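# Understanding the architecture of this molecule
Here is how the chains run, residue by residue.
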Amino acid sequence: KQFVSIDQDNDMKQFLGAINIPSVYKVNNPMIDKYYALKDDTPLEGDDITWYRSMIGALNYYSCATRYDISYSVSRLSQFNSRPTEGSRKALYKVLQYLSCNEEFSIVGRYGGEHDEVECYSDSDHAGDRGIDCRSQTGIFVLLNGVPVHWRSVKQVSTAVSSTCSEIYALSDAVKSARLY
């Protein structure tokens, strides 16, 4: 059996070095809670808005390519792109500090098995955005032979009337994604 690995460790180190993120002792979670970004609603101005959007764009790239661990946080922070606030900037710094503590992150998998096995997981939080609106957040994770090949965290397009409805929507989205593999 052969194993393959993919990572962006060198690129992540260069990215964090270029934006001068200070090294901190230990950050275990990229976002404390979903309301962390709502604590200070003072709007950003001028170059701070441009910087915020640039960082969110870079983090979206990492979260789509190899860093599934920041997918939820980046999705939540992307929702502030049109009007970033001081609270969302503080939450963004928290994600960047998490990345500086966890620069080394790789996806490792077995290559060349007899048959392929697809596993799919989904979850949602019913009305999880009560501070902004009542739409739920969907998380999807697809594994091929135990290796993550697809993941995402997105806000659902409509408001679910029950937690069951929210979970069914997430499951439907996950099945659509899994059918591609």
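Residues numbered from 1 in each chain as written. Predicted model: local features only at pLDDT ≥ 70, side-chain atom pairs only at ≥ 80, totals over all residues. Heavy atoms only, no water.

## With respect to the pairing of strand β5 (residues 147-155)
Consecutive residues of a regular strand have side chains that alternate between opposite faces of the sheet. Inclusion rule: Think of it this way: DSSP has to see at least two bridges between two strands before they count as a pair. Per the convention used, a helix needs a DSSP run of H or I reaching at least four residues, while a strand needs a run of E reaching at least two, with both numbered from the N terminus.
With eight bridges joining them, strand β4 (residues 137-144) and β5 adopt antiparallel strand pairing. Bridged to Leu143 within β5 is Pro148. Connecting the antiparallel pair β4 and β5 is a turn made up of two residues, with Asn145 showing a positive phi of about 55°.

## What to know about the side chain of Ser88
Basically, it comes down to this: Partly exposed residues are those whose accessible area sits between 20% and 50% of the maximum for their type, while under 20% is buried and over 50% is exposed, using a 1.4 Å probe and protein chains only. Between two residues, a contact is recorded if the distance between any of their heavy atoms is within 4.5 Å.
Structurally, Ser88 is set in helix α4 (residues 86-101). Residue classification places Ser88 among the buried residues on the basis of a relative accessible area of 0%. Residue contacts for Ser88: discarding those within four places in its chain leaves Ala37, Tyr52, Leu77 and Phe80.

## Some details on the confidence of the model for the protein
Formally: A score from 0 to 100, pLDDT tells how confident the predictor is in each residue.
Summarising the model, the protein shows a mean pLDDT of 88, and 96% of its residues fall at 70 or more. Mean pLDDT across the secondary structure elements of the protein bottoms out at strand β2 (residues 106-111), with 86, and peaks at helix α2 (residues 47-65), with 96.

## Thoughts on the packing of helix α1 (residues 9-18) against α2
Convention followed: The axes used here are C-alpha line fits, helices contributing only the stretch in contact, and every angle between their N-to-C directions lies in the interval 0 to 180 degrees. Small angles under 35 degrees read as roughly parallel and large ones over 145 as roughly antiparallel, with 65 to 115 read as roughly perpendicular and the rest as oblique. Residue polarity is assigned by list, with Asp, Glu, Lys and Arg as charged and Ala, Val, Leu, Ile, Met, Phe, Trp, Tyr, Cys and Pro as nonpolar; anything else, Gly included, falls into the polar class.
Relative orientation of the contacting elements α1 and α2 amounts to 170°, with a least axis distance of 12 Å. Judged by the inter-axis angle, α1 sits roughly antiparallel to α2. Side by side, α1 and α2 meet where Asp11, Met12 and Phe15 of the first sit next to Met55, Ala58, Leu59, Tyr61 and Tyr62 of the second. Looking at side-chain class alone, the contact of α1 with α2 contains seven nonpolar, no polar and one charged residues.

## Topic: the packing of aromatic side chains
What counts, and what does not: For this analysis, a ring pair means two rings from Phe, Tyr or Trp (six-membered ring only for Trp) whose centres lie within 6.5 Å, classed as stacked if their planes differ by under 30 degrees, edge-to-face if by over 60, and tilted for the remaining angles.
Across all of its chains, the model carries six aromatic pairs by this definition. One aromatic cluster is present, built from ring pairs that chain together Tyr68, Phe105, Phe141 and Trp151.

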